[in-house]
Amino acid sequence: MNHKYRKTVIAANWKMNKTPTETRTFGAEFRRILPRGRWCEIVLCMPAICIPAGVKAMRDTRVNIGAENMYHETFGAFTGEISAPMLVDAGVKYVILGHSERRAMGETDADINKKLIAALEAGLTPILCVGESLEQRKSGVTFEHITMQLKLDFQNIQPEQLRRIVVAYEPIWAIGTGLTATPEEAEEVCQHIRTVIRKLSSAKTARATSILYGGSMNGDNAAQLLAQPDIDGGLIGGASLDPEKFVKIINAANQDAE
Ligand code: 13P
C-alpha cells in the first residue's frame, strides 16, 4: 500500500450468493461491527437484485455499494441487461468488470472495453479484473497475458479517465481454491500492472492507480499481502460473505495506517 499516492480499497465480491433478505441481515451486523473513522475505502459488490437492500442497509455509513457486472449500452432492447445509468440511479458507485468468471462465460476484452467506457461515462468507478490461468503461469506467459488484457481493455480510454479505474489482479488458480498467491508472487504481478499503466498513460496515473489483489484473501493472509508496496487493497470472495471475516480484512488494511 502507499497511502500517500492512492487509496486503499477493500472490496467484497459476493458473486451469486445472498438473497435480498440475507443482504439486510449482513448489513445490520456489518454496520454494528464496522470499524469507525478509518480511511480505507470499503465496497460491497453484490448481485443486482440485492442492490436496493444493500444501499438501504449501508445508508449514512462510508460503505459503498458495487455491482458485479453491467451492459455497455445505456438503454434499449437488451432483455435481461442492466445499464450503468440504472446502477447509478440505484445508488451504486463501483462496478466489477471483466471478472474471470464472466470471461469464462464468453465475455471478451472487446466487450470489457465497451463496458469500461460506459461505466466511466456514467460516473461509476470500475474495478477491472485481470489474471492468468494455471496453464499460463506454468508456461511462463503471465506477464504477457496480463499486458495483453490491459492493452485491449484500455483501448481508446483517455489517460485522465484511466486514472479512475481500479485494477484487480486475480490469478484464476487462486480464486476460491484456498491457494493464495504468495505476497511476493502477487507483488511481482501488481508491480508489472503498474508498469504497463505507466507505459499506456503516465507515471502520474500509474502512481495514482489502486491495484488490488484477489484470490483466497482472508483475515490471516491479508496483512502480509497488503504490506506489499504495489498492493493497494483486496477483492474478496468467500471471506466477504461473513461480516466478521470481512471486518478482519478491513482491520488488516487499517492497521498499517496507524
Ligand atoms: P475468493 O476470495 O473466494 O477466492 O474469490 C476471489 C474473487 O474472485 C473475487 O473477485
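That block above? That's the structure.
Summarised in this report is the structure supplied together with it.

What counts and what doesn't
- Note on numbering: residues in each chain are counted from 1, in written sequence order.
- The predicted nature of this model means local features are confined to residues of pLDDT at least 70 and side-chain atom pairs, given and counted, to a pLDDT of 80 or more, with totals for whole chains, interfaces and linings taken over all residues.
- To get the side-chain values, all heavy atoms of the structure are used, and hydrogens and water are removed first.
- Secondary structure elements follow DSSP: runs of H or I no shorter than four residues count as helices, runs of E no shorter than two count as strands, and numbering proceeds from the N terminus.
- Radius of gyration means the value over C-alpha atoms here, while the globule rule gives 2.2 Å times the residue count to the 0.38 power.
- For each residue, the accessible area found with a 1.4 Å probe, counting protein chains only, is set against the maximum for its type, and the residue is called buried under 20%, exposed over 50%, and partly exposed in between.
- For this analysis, residues touch if any pair of their heavy atoms sits within 4.5 Å.
- Accessible surface is estimated by sampling points in the Shrake-Rupley manner with a 1.4 Å probe; for residues, cover comes only from the protein chains shown.
- Asp and Glu are treated as the negative residues and Lys and Arg as the positive ones, with His and the ends of the chain left uncounted.
- The location of each charge is read from NZ of Lys, CZ of Arg, CG of Asp or CD of Glu.
- Strands qualify as paired when DSSP identifies two bridges or more between them.
- As a rule, the C-alpha atoms of each element are fitted with a line to give its axis, helices using only the stretch in contact, and angles between N-to-C directions run from 0 to 180 degrees.
- Each angle gets one of four labels, with under 35 degrees taken as roughly parallel, over 145 as roughly antiparallel, 65 to 115 as roughly perpendicular, and the rest as oblique.
- Charged means Asp, Glu, Lys or Arg here, nonpolar means Ala, Val, Leu, Ile, Met, Phe, Trp, Tyr, Cys or Pro, and polar covers whatever is left, Gly included.
- We count a salt bridge whenever a side-chain nitrogen from Lys or Arg sits within 4 Å of a carboxyl oxygen from Asp or Glu.

Examining the overall build of the chain
Okay, so step 1: A count of helical and extended segments in the chain gives 12 helices and 8 strands.
Okay, so step 2: The C-alpha radius of gyration of the chain comes to 17 Å, within 12% of the 18 Å expected for a compact globule of 258 residues.
Okay, so step 3: With respect to the principal axes defined by its C-alpha atoms, the chain has extents near 50 × 45 × 35 Å.
Okay, so step 4: Within the chain, the proportion of its 258 residues that are buried is 52%.
Okay, so step 5: Across the chain, every contact between residues at least 6 apart in sequence was considered, and the portion connecting residues at least 24 apart equals 73%.
Okay, so step 6: Summed over its atoms, the accessible surface of the chain is roughly 11800 Å², and 52% of this surface lies on carbon and sulfur atoms.
Okay, so step 7: Charge centroids of the chain, computed over 30 positive and 30 negative side chains, lie 5 Å from each other.

Regarding the pairing of strand S6 (residues 166-169)
Okay, so step 1: Side chains Val166 and Ala168 of S6 all project onto a buried face; the interleaved residues Val167 and Tyr169 project onto the opposite face, where all are buried too.
Okay, so step 2: Bridge count for strand S5 (residues 125-130) against S6 is 4 bridges, and the pairing is parallel. Within S6, the residue paired with Val130 across the bridge is Tyr169.
Okay, so step 3: Pairing between S6 and strand S7 (residues 211-214): 3 bridges, direction parallel. Pairing of Val167 across the sheet is with Ile211, part of S7.

Considering the packing of helix H5 (residues 109-122) against helix H7 (residues 142-153)
Okay, so step 1: Remark: H5 packs on H7, axes separated minimally by 8 Å, with the N-to-C direction vectors making an angle of 50°. As far as their axial angle goes, H7 and H5 are oblique. Contacts from Asp109, Ile112, Asn113 and Leu116 in H5 reach Gln149, Leu152 and Asp153 in H7.
Okay, so step 2: Residues that form the contact of H5 with H7 fall into these classes: 3 nonpolar, 2 polar and 2 charged.

Section: the pattern of salt bridges
Pairs can form between side chains of opposite charge whenever their charged atoms are close.
Okay, so step 1: Per the stated rule, a full pass over the model turns up 12 salt bridges.
Okay, so step 2: Taking the shortest distance from any N to any O, the salt bridge between Asp153 and Arg103 comes out at 3.0 Å. Here Asp153, found in helix H7, pairs with Arg103, found in helix H4 (residues 100-103); they are 50 residues apart in sequence, far enough to count as distant.
Okay, so step 3: Classification of Arg103 by relative accessible area gives buried; the value is 17%.

Overview of the sheet that holds S5
Okay, so step 1: Around the barrel, which closes on itself, the 8 strands sit in the order S1-S2-S3-S4-S5-S6-S7-S8 with parallel pairing between neighbours. For this sheet the average axis-to-axis angle between neighbouring strands, irrespective of direction, equals 25°.
Okay, so step 2: Inspection of the sheet shows strand S1 (residues 9-13) paired to strand S2 (residues 41-46) by 5 bridges, in the parallel sense. Among the inter-strand pairings, Ala11 is bridged to a residue of S2, identified as Val43.
Okay, so step 3: Where H7 meets the sheet, its contacts fall on S5 and S6, and the angle it forms with S5 comes to roughly 150°.
Okay, so step 4: The strands touched by helix H9 (residues 183-200) are S5, S6 and S7; relative to S6, the strand with the most contacts, the crossing angle is about 145°.

Everything listed here is a matter of coordinates, which is why it stays silent on function.
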